[in-house]
Amino acid sequence: MIEIKGLHKHFGKLHVLRGIDNFIKKGEVVCIIGPSGSGKSTFLRCLNLLEQPTGGEIIFEGISITDKKTDINILRQRIGMVFQQFNLFPHMTVMDNITLAPMKLKGMTRQDAEAMAMKLLKRVGLEEKASSYPGQLSGGQKQRIAIVRALAMAPDVMLFDEPTSSLDPEMVGEVLDVMKTLASEGMTMVVVTHEMGFAREVGDRILFMDEGVIREEGTPAELFGNPRHPRTREFLSKVL
Amino acid sequence: MNFSFLSEYGYFYVEGTRITIILTIFTVFFGVIIGIILALMRLSKFSLLKFISVAYIEFIRGTPLLVQVYIVVYGLPQLGIIFPEFPLLSDDFPRFMGAVVALSINSGAYVAEIIRAGIQAVDKGQTEAARSLGMPYWLTMRYVVLPQAFKNILPALGNEFIVVLKESSIVSVIGIGELMFRANTIRGITFLAFGPLVVAALIYFVLTFSLSKLLGVVERRMRAGD
């Protein structure tokens, strides 16, 4: 589904990604863990070109994302993203947040878009918040809405950039539950996370990133049970 | 204090106020258009557009409005740039147009900076969220960034409108019959200085004060949406 070949990213003199190769299969849940500054988020943001890679290639369903001739806006419709800071549009109701992109980009009628939005809102248990503004919601509710907003475009893959890191502890569970349901329904997911429990339970494959490369990867059992690289062991001993 | 001139020359003020208001409306309209274009140029990733915008803004802000008015009204015709006659609107349309152009060019530079600051104050995450959904730059601007920026800039923009209204008095020096020009005319006819000028000042104050109250209402309306 997504093939990453020799990915590099420089921020000025800073060499953040130093050659990343990977292949993300359809239906797979890939969790990316690693110390801060290891390039996890940058890697994730390269997958929908929020960061422009300075080297290498990313191929999504046979189309090169990094090719200048590719219309990235079309591809982004198929790649949903959820941010650490939610990034809901504060001047719009929850309903308008969800229906804006499907109406403007897919030409959906307001009626169809709102019906679909209500269905999705029901799934995350927030249908009564449809006419609220983001400012009236808790962090956990905001993040669940942000997930719904991304799902409304019916994407083929969902990228999660530390989706629970700015939540109060008691709200982490409700967001992870939504993500677990999504995973069980077969959604392809790439998740940058500090939630080791989630990664172990839901992840099909774990990537451990360190200093701009993937140091080690494997199933949760392999990586958490029997880490081979000393840097992985050191990291896991600190967070587990 | 002598205000007896009012009975005879009161209509001078009515006419002057009318022209001041027309001048202000035109200047605000064109100034905002120039300002939006300059602000987007300044935020563009093309360095030539950015350079033109920065140079324009710095130059206009670094030179006196009076000089700019003279350059547009007396300088440009010498270069062969002449505003067309338009007798339907005004018997001296080229001069009036020159005043509007000079004031708009000036105001546009300040409006550009206000809009730029307003756009930049919108969290980068907003753009990223919209773009990640597949929305192109212009849709993102139109539905996500500009509505939020507009709320941020409304107070500063309102202030700029008030400045335009007051600064429009400068075109009295090129003979535009606006409020300040009329007050001076009455001063010349009656040999009274204090009264005619105080009346002009009061009219300016009533105009700016009403405008400021009006903008306050709009601002409160917009904030009610939050």
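Rules of the game
- Residues numbered from 1 in each chain as written.
- Chains lettered and ligands numbered in written order.
- Predicted model: local features only at pLDDT ≥ 70, side-chain atom pairs only at ≥ 80, totals over all residues.
- Heavy atoms only, no water.
- Helix = DSSP H or I, 4+ residues; strand = E, 2+ residues; numbered from the N terminus.
- Buried < 20%, exposed > 50% of the residue type's maximum accessible area, 1.4 Å probe, protein only.
- Contact = heavy atoms within 4.5 Å.
- Areas by Shrake-Rupley, 256 points an atom, 1.4 Å probe, with all protein chains shown as cover.
- Lys, Arg positive; Asp, Glu negative; His and termini not counted.
- Charge placed at Lys NZ, Arg CZ, Asp CG, Glu CD.
- 1 Å grid on protein atoms, 1.4 Å probe; cavity = no way out; pocket = protein on both sides within 12 Å on 5 of 7 lines; lining within 4 Å.
- Points joined across faces, edges and corners; volume = space filled by probe spheres on them.
- Nonpolar A, V, L, I, M, F, W, Y, C, P; charged D, E, K, R; others polar.
- Expected span 1.5 Å × (residues − 1).
- Bend = angle between axes of the 7 residues up to and from the residue.
- Pairing = 2+ DSSP bridges.
- Axes fitted to C-alpha atoms, helices over the stretch in contact; angles between N-to-C directions.

Attention shifts here to the overall build of chain B. In terms of helices and strands, chain B carries eight helices and zero strands. Order of helices (α) and strands (β) in chain B, N terminus to C terminus: α-α-α-α-α-α-α-α. Summarising its shape, the C-alpha atoms of chain B cover approximately 70 × 45 × 35 Å along the three principal directions. The buried share of chain B, reckoned over its 226 residues, is 44%. Counting contacts in chain B only where the partners sit at least 6 residues apart, residues at least 24 apart contribute 76% of the total. Carbon and sulfur atoms make up 70% of the accessible area of chain B, which amounts to about 12100 Å² in all. Computed over 18 positive and 14 negative side-chain charges, the separation of the two mean positions in chain B equals 9 Å.

Bringing the layout of surface pockets into the picture now. Approximately 1200 Å³ is the volume found for the largest pocket. Forming the boundary of the largest pocket are 35 residues, of which Leu43(B), Lys45(B), Thr127(B), Arg131(B) and Tyr137(B) lie nearest the centre. Elements with a minimum of two residues in the lining of the largest pocket: α2 (72-76) of chain A together with α1 (5-43), α4 (93-120), α5 (124-132) and α6 (137-167) of chain B. For the lining of the largest pocket, the leading source of residues is α6(B), giving five residues. Tallied by class, residues from the lining of the largest pocket come to 17 nonpolar, eight polar and ten charged.

Time to look at α1(B). The end-to-end C-alpha distance of α1(B) is 53 Å, a good match for the 57 Å that 39 residues give at a rise of 1.5 Å each. Along its length, α1(B) reaches its greatest deviation from straightness, about 35°, at Tyr11(B).

What follows is about the sheet that holds strand β10 (residues 213-218) of chain A. Residues and elements named next belong to chain A. In space, the six strands of this open sheet follow the order β6-β7-β8-β3-β9-β10, with mixed pairing throughout. Each having just a single partner strand, β6 (79-82) and β10 make up the two edges of the open sheet. Recorded for the sheet is a direction-independent mean angle of 20° between the axes of neighbouring strands. Note that strand β9 (residues 205-210) and β10 share five bridges and pair antiparallel. Opposite Asp210, over in β10, you have Val213 as the bridge partner. Running at roughly 170° to β6, helix α5 (residues 139-151) makes contact with β6 and β7 (157-161) of the sheet.

Next up on the list: the pairing of strand β2 (residues 14-24) of chain A. All names here are of chain A. Taken together, the eight bridges between strand β1 (residues 2-11) and β2 define a ladder with antiparallel strand orientation. Bridge assignment links Phe11 to a residue of β2, and that residue is Leu14. Counting the residues between successive antiparallel strands, the hairpin from β1 to β2 contains two residues, one of them, Gly12, with a positive phi of roughly 60°.

Let's shift gears to empty space enclosed by the protein. This structure, assessed with the given rule, holds one cavity of 30 Å³ or more. The volume enclosed by the largest cavity comes to roughly 30 Å³. Residue lining of the largest cavity: Met81(A), Phe83(A), Ala146(A), Arg149(A), Ala150(A), Ala129(B), Ser132(B) and Leu133(B), and that is the complete set. Those elements that place two or more of their residues in the lining of the largest cavity are α5 of chain A together with α5 of chain B. A class-by-class count of the residues in the lining of the largest cavity yields six nonpolar, one polar and one charged.

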